[in-house]
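Analysis of the macromolecular model
These are the residues of each chain, in order.
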Amino acid sequence: MMGPDDVLSFWLDECSPEDWFKSDPLFDQAIRDRFGATWKAATEGKFALWLTYPSGALAYIILTDQLPRNMFRDDAGAFSTDRAALAAAKSAISKGWDMRIDPPARQFFYMPLEHSENLCDQERAVRLICERMEDDTFLLHARAHREVIRQFGRFPHRNAVLGRATTAAEKAHLEAGGYGEVVRGLQGAEAA
């Protein structure tokens, strides 16, 4: 089983920022093979000690928020530990631990807020990224996540895997390009 340093070394050193957000079946399989048992242990509550210091909390958040999106792509399991990640992120942020981690790794404290289907969490993510990050790309994506939640109250692209009915407005959003189109719209508004 992996420890927090193994998670951080993999995600922050071995992987590039491009790896963090791409869809690649081979990469996803490598994450499943390498971290599946560790993620499972986290679901069983075995890593409470990780949540007692900044880098451990960051590793826990990456393990429960980022890695499942790769391990369980196009499956409900991708979101199954979001609540645990969100609770860990909120706790760490309240202690100021996010500010003890340098960018770009700091963004992962805010990602569970961006992944939340709660508008208050979305607003907080945008505010924190405005205040604590110096990268307009992170802010653009936080704003795009918030805009989707403002419009629909949830992420329509999750509906199929979560067994949720898709509304006509959500279907139109997805057919028009979904999240990517929201990002492009925000970019266009900023350029105007």
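For the structure itself, consult the block above.
Below is a summary of the structure that appears in this document. What you see is a predicted model, and the numbers here were worked out from it, not measured in a lab.

With respect to the element layout, D121 can be found in helix α7 (residues 119–132). Contacts of D121, omitting those with residues within four sequence positions, involve L86, K90, L113 and S116.

Moving on, we come to the packing of aromatic side chains. Overall, the coordinates contain nine aromatic pairs when judged by the stated rule. Ring geometry for W20 versus F108: centroids 4.9 Å apart, planes at 85 degrees, classification edge-to-face. Linking W20 in helix α2 (residues 17–20) with F108 in helix α6 (residues 107–115), this pair joins segments that are 88 residues apart in sequence. Aromatic ring contacts, followed pair by pair, group F10, W11, W20, F21, F27, F35 and F108 into a single cluster. A cation over a ring is seen here: K22 above F27, with NZ or CZ 5.5 Å from the ring centre.

Going through the model one piece at a time under the given rule, you end up with 19 salt bridges. With a closest N to O distance of 3.7 Å, K40 and E44 form a salt bridge. Since its relative accessible area comes to 45%, K40 is described here as partly exposed. The class of E44 is partly exposed, set by a relative accessible area of 45%. Salt-bridge contacts for R164 lead to E117; the nearest nitrogen and oxygen are separated by 2.9 Å. Of this pair, R164 sits in the loop between α9 (159–162) and α10 (168–175) while E117 sits in the loop between α6 and α7, placing them 47 residues apart in sequence.

About the cut-offs
Residues numbered from 1 in each chain as written. Predicted model: local features only at pLDDT ≥ 70, side-chain atom pairs only at ≥ 80, totals over all residues. Heavy atoms only, no water. Helix = DSSP H or I, 4+ residues; strand = E, 2+ residues; numbered from the N terminus. Contact = heavy atoms within 4.5 Å. Phe/Tyr/Trp six-rings, centres within 6.5 Å; stacked < 30°, edge-to-face > 60°. Lys NZ or Arg CZ within 6 Å of the ring centre and 35° of its normal. Salt bridge = Lys/Arg side-chain N within 4 Å of Asp/Glu carboxyl O. Buried < 20%, exposed > 50% of the residue type's maximum accessible area, 1.4 Å probe, protein only.

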